[in-house]
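Listed here are the chains, written in short residue letters.
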Amino acid sequence: MSSGREHEMGADQASVLAEITGMLRAVLGAAAVGEDITTDTTFGHDLEMESIDVVALAGRLQARYGDTVNLAQFLAGLDLESVRDLKVGQLVEFIADARREVAA
């Protein structure tokens, strides 16, 4: 089920969301992910990601986006509870913003 927020996203963010969704399904397994991943899906509570899953996602992000996207640096600015509550949409915005900065 999609939130209204997806309808407000630009094409770049929608593209990033699709890529992140694919990466999460690859890391966690399609069965583990279950329902649709939206911008409101949380990494900790909804997807129940473990630290090893985050490392695997970081590797996939590095392979896809290179040095443009540094997940460790992004997460370093957050406290533990904020990491658990982190939403997919926040990561999508971070990636889209990083890509825009590089393109500028």
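In what follows, the accompanying structure is described. Here the structure is a predicted model, which is why all the values come from computation and not from measurement.

1. Concerning helix H4 (residues 51-65)
Its 15 residues place the ends of H4 21 Å apart at the C-alpha level, agreeing with the 21 Å of an ideal helix rising 1.5 Å per residue. Among the residues of H4, Asp53, Leu57, Leu61 and Tyr65 are the ones counted as buried. Down the axis of H4, the sector holding all buried residues measures 85°, keeping them to one side. In H4, the exposed positions that point more than 90 degrees away from the buried face belong to Ser51, Ile52, Val55 and Ala63. Each element contacted by the buried residues of H4 is listed here: helix H2 (11-28), helix H5 (71-76) and helix H7 (88-103). Gly66 lies just past H4 and shows a positive phi near 65°.

2. Some thoughts on the nonpolar core
Ranked by internal contacts, the top residues of the largest apolar core, which has 25 residues, are Ile20 and Leu61. For this core, the secondary structure elements donating two or more residues are H2, H4, H5 and H7. With seven residues, H2 is the single largest residue contributor to this core. Not counting chain neighbours up to four residues away, the residues in contact with Ile20 comprise Leu61, Val88, Leu91, Val92 and Ile95.

3. Remarks on the environment of Thr68
Examined against the element boundaries, Thr68 turns out to sit in the loop between H4 and H5. A residue is classified by how much of its surface remains accessible, and Thr68, at 29% relative accessible area, is partly exposed. As a C-alpha pair, Thr68 and Ala98 span 30 residues in sequence and 6.2 Å in three-dimensional space. The residues touching Thr68, leaving out its near neighbours within four places in the chain, are Ala98, Arg99 and Val102. In this structure the side chain of Thr68 is engaged in a polar contact, spanning 3.3 Å, whose partner is the backbone oxygen of Tyr65.

Rules of the game
Residues numbered from 1 in each chain as written. Predicted model: local features only at pLDDT ≥ 70, side-chain atom pairs only at ≥ 80, totals over all residues. Heavy atoms only, no water. Helix = DSSP H or I, 4+ residues; strand = E, 2+ residues; numbered from the N terminus. Expected span 1.5 Å × (residues − 1). Buried < 20%, exposed > 50% of the residue type's maximum accessible area, 1.4 Å probe, protein only. Arc of directions from axis to C-beta. Contact = heavy atoms within 4.5 Å. Core = buried A, V, L, I, M, F, W, Y, C linked by side-chain atoms within 4.5 Å. Polar contact = N/O pair within 3.5 Å; in protein donor to acceptor, adjacent residues only side chain to side chain.

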